[in-house]
Amino acid sequence: MKDSRKGIEKAAEKWEAEILKPRVKRFNLDRSPTSFHTPLSCDTTHFLDKVGFPGQFPFTAGNNPFDFWKAHAKTAALFGFRPDWGGAGGVGKYGGFGTPADYRDYLLRMQSMGRKGGPNIAFDLVTQCGYDSDSPYAEGEVGRVGVAVSSLRDFSIIYEAYTGELDIDKVPSNFTINAPAAVIIAMYACLAGKRGIPLTKLRGTPQNDILKEFIARGTHIFPPRPSMRLFRDTCVFCRSHMPSLNINSIGGYHIREAGATRTQDLAFSMANGIAYVEAGLEGGLAVDEFAPAFTFNAFGGSMEIYHEIAFQRAARRMWAHIIRDRFGAKDPRSMTIRQPITAHIGCSSTTLQRPLNNLARAVIGGMGAGMSGGIPGAFPPFDEPLGLGHSQEAVQLQLDATRIMIYEAKVADVCDPWAGSYFMESLTDETEEQALAELEKIGNMGGAVAAIENGYMPRAVAKSAYERQKKIESQEEFVVGVNCFVDAHEIDVSINRGVEATYDPELKRTAEERQKASLAELKRARNGKGVVASLKNLKDQARDQDKNLMPAICECVESDATLQEICDVLREVFGEAQPVKL
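Residues numbered from 1 in each chain as written. Predicted model: local features only at pLDDT ≥ 70, side-chain atom pairs only at ≥ 80, totals over all residues. Heavy atoms only, no water.

Draft legend 1. View of the pattern of salt bridges. Overall, the coordinates contain 40 salt bridges when judged by the stated rule. Where Asp134 meets Lys523, a salt bridge forms, and the shortest distance between an N and an O atom there is 2.8 Å. Of this pair, Asp134 sits in the loop between helix H6 (125–128) and helix H7 (152–158) while Lys523 is found in helix H21 (residues 505–525), placing the two residues 389 residues apart along the sequence. Put simply, Lys212 and Asp209 hold a salt bridge, and the shortest N to O gap is 4.0 Å. Here Lys212 matches Asp209 in class, with each residue buried. The structure contains a network of salt bridges with shared partners spanning Arg256, Arg262, Asp265, Glu304 and Glu308. (Salt bridge = Lys/Arg side-chain N within 4 Å of Asp/Glu carboxyl O. Helix = DSSP H or I, 4+ residues; strand = E, 2+ residues; numbered from the N terminus. Buried < 20%, exposed > 50% of the residue type's maximum accessible area, 1.4 Å probe, protein only.)

Next up, the structure:
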């Protein structure tokens, strides 16, 4: 006999009265600590519109029926492929430290060990904030959390590790940098010119996601609107001259790690994405000319893995509708969220206390990833909170946990296993509805840039971070080994940690001194008149809002003007971003 909606409603009322409420009363509770979902929980009549098939609009079920890695999973198992090594056509492990020569030598050492992926570069905070290594602001920070790059010569030294079969037309490059991303992209273009490599052959991804810096990380330089002009100029330049290079890597991850709620993460990321699309359109491009070159670094994560799976499904559907319905895109590639990581726990979910528990946490995140359209990766390694430098043991356990989920648990054998679930479809709808309401609020303010300028988004993140910490301290939320299960009889299990030697302590101690000496030598040897002329041209161009600054920045880079000299000219024209009072 076929169930009717009215029949299910009547049965649900009877179940609540006869089964659920008496049990809640028996345990002296205000409400049930669990939920149960039925066809009443969600709209089950619009499957094709709301879920669809993997690889088809609205991409709720995933971008593809399966990805490249899944097609070659058996080969990877037979030949011991390690995803952290990179390989032909991919980038290697994210890293960077010290001077360009220090980092170059590290990359060469990795290549000798078979790790031949392209450079995935972390820049030091000095570079990220648009300063040179000899700036007074740089003291004590040169080469500390990334590699120091002040000039085209510095950039070129890193790439001495990439020649021949690993030349820059054969491997991609990733650049984790935002405010001065235009300068780094110019350096990449100029390096190709010096090597006689067509710009059309260059592949890779600059992060180039300046708006999240205002919301969360803080490595901004110029005010929001001039910063968006630079984004516009890089977008147009890349599509015109470097069409195989991704334009950006939008990152809700950093926003959530700074304290944002799940709803804020999704809504703010969508608002930022809309602003970037509008910048590309302002540059005279059609949406389908550039939107396929947008990528997403990752959204945030948490231990609430059901919610994170729903988040990923809702995010894909939201972005697809925004790009198609708001901007009129026709190309399905414009509508997909391309990202290396789907659901995960977020590094902020790991704990310093009883750190081996982080492996269990990461596996839960990996299960969520495998059920939400991604590689079931056990991210991050368990010793993430112990300081920079994952141990060999932690990386091995991370890799093996990922392999077990793929090959033994077969987590990735089914696309979107939650499709049609009353619970998951209800949760996906709820996640999307809440994010759309927040997105509408931002839209009413004038969009992401306006919501940054008036302080709304950074203040909202700060408030959410405070509220989250209060819940942990008051034990409204539990974290095992931190605010519960901390009695004396609990055992803190540990294993040996052999951190892979990457940076000689003496090189680290002398990095700033050596980098400053190298920069001083460059400034003595270069053609000073050429530098002055190129910087003057940049200043003149910057005063005209309609001018694309990338050709002028490339000219400055070629003349050996430094990153700070270029940024200082733009600081003079654009002004500097001012901190928001929280």
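There's more to say after this.
Draft legend 2. Representation of the nonpolar core within the structure. Residues Tyr159, Met270 and Ile553 are the most contacted members of the largest nonpolar core, which totals 116 residues. At 12 residues, the largest contribution of residues to this core is made by helix H8 (residues 181–195). Excluding residues within four positions of it along the chain, Met270 makes contact with Phe296, Phe299, Ala315, Met318, Trp319, Ile322, Ile337 and Leu439. (Core = buried A, V, L, I, M, F, W, Y, C linked by side-chain atoms within 4.5 Å. Contact = heavy atoms within 4.5 Å.)

Draft legend 3. Representation of helix H1 (residues 5–26). For H1, spanning 22 residues, the distance from its first C-alpha to its last is 30 Å, which sits close to the expected 32 Å at 1.5 Å a residue. The largest bend along H1 reaches roughly 40 degrees and is located at Glu16. Of the positions making up H1, those classed as buried are Ile8, Ala12 and Val24. Phi turns positive, to about 55 degrees, at Asn28, one or two residues after H1. (Expected span 1.5 Å × (residues − 1). Bend = angle between axes of the 7 residues up to and from the residue.)

Draft legend 4. Structural view of the packing of helix H12 (residues 262–282) against helix H20 (residues 456–473). Interaxial distance between H12 and H20 falls to 12 Å at its minimum, and their mutual angle equals 160 degrees. Taken together, the axes of H12 and H20 lie roughly antiparallel to each other. Two packed elements cross with a definite hand, and for H12 against H20 that hand is left-handed. Across the interface between the two elements, Gln264, Phe268 and Asn272 of H12 pack against Tyr456, Met457, Ala460, Val461 and Ser464 of H20. Looking at the contact of H12 with H20, its residues break down into 5 nonpolar, 3 polar and no charged. (Axes fitted to C-alpha atoms, helices over the stretch in contact; angles between N-to-C directions. Parallel < 35°, antiparallel > 145°, perpendicular 65-115°, else oblique. Left-handed = near helix turned anticlockwise from the far one by under 90°. Nonpolar A, V, L, I, M, F, W, Y, C, P; charged D, E, K, R; others polar.)

Draft legend 5. Structural context of empty space enclosed by the protein. Applying the stated criterion across every chain yields a total of 3 cavities of 30 Å³ or more. Taken as a whole, the second largest cavity spans an internal volume of roughly 70 Å³. Asn178, Ala179, Pro180, Ala181, Ala182, Asn208, Ile210, Ser227, Leu230, Phe231 and Thr234 together form the lining of the second largest cavity. Breaking the lining of the second largest cavity down by element, the ones donating at least two residues are H8 and helix H10 (224–241). When residues in the lining of the second largest cavity are grouped by element, the largest group, 4 residues, is from H10. When its residues are assigned to classes, the lining of the second largest cavity shows 7 nonpolar, 4 polar and no charged. (1 Å grid on protein atoms, 1.4 Å probe; cavity = no way out; pocket = protein on both sides within 12 Å on 5 of 7 lines; lining within 4 Å. Points joined across faces, edges and corners; volume = space filled by probe spheres on them.)

Draft legend 6. Seen up close, unusual backbone geometry. Residue Pro58 is reached from Phe57 by a cis peptide bond, and omega for that bond is 10 degrees. Mapping Pro58 onto the fold places it in the loop between helix H2 (47–50) and helix H3 (68–71). With an omega of -5 degrees, the peptide bond running from Phe379 to Pro380 counts as cis. By the element assignment, Pro380 lies in the loop between helix H16 (357–370) and helix H17 (392–408).

Draft legend 7. Main features of the packing of aromatic side chains. Evaluation of the coordinates by the stated rule reveals 24 aromatic pairs. With 6.1 Å between their ring centres and 15 degrees between their planes, Tyr103 and Tyr106 make a pair best called stacked. Highlighted residues: Tyr103 and Tyr106, both in helix H5 (residues 100–112), separated by 3 residues, approximately one helical turn. As far as burial versus exposure is concerned, Tyr103 and Tyr106 are alike and both buried. Considering the side-chain rings of Tyr159 and Tyr188, the 6.2 Å spacing of their centres and the 35 degrees angle between planes classify their relative orientation as tilted. Taken as a pair, Tyr159 in the loop between H7 and strand E2 (173–176) and Tyr188 in helix H8 lie far apart in primary sequence, 29 residues in all. According to the relative accessible area criterion, Tyr188 is buried, its value standing at 0%. Pairwise contacts between aromatic rings join Phe155, Tyr159, Tyr162, Phe175 and Tyr188 into one cluster. Residue placement shows Arg256 over the ring face of Phe311; its charged tip is 5.2 Å from the ring centre. Positioned over the ring face of Tyr131 is Arg571, at 4.4 Å from the centre of the ring. (Phe/Tyr/Trp six-rings, centres within 6.5 Å; stacked < 30°, edge-to-face > 60°. Lys NZ or Arg CZ within 6 Å of the ring centre and 35° of its normal.)

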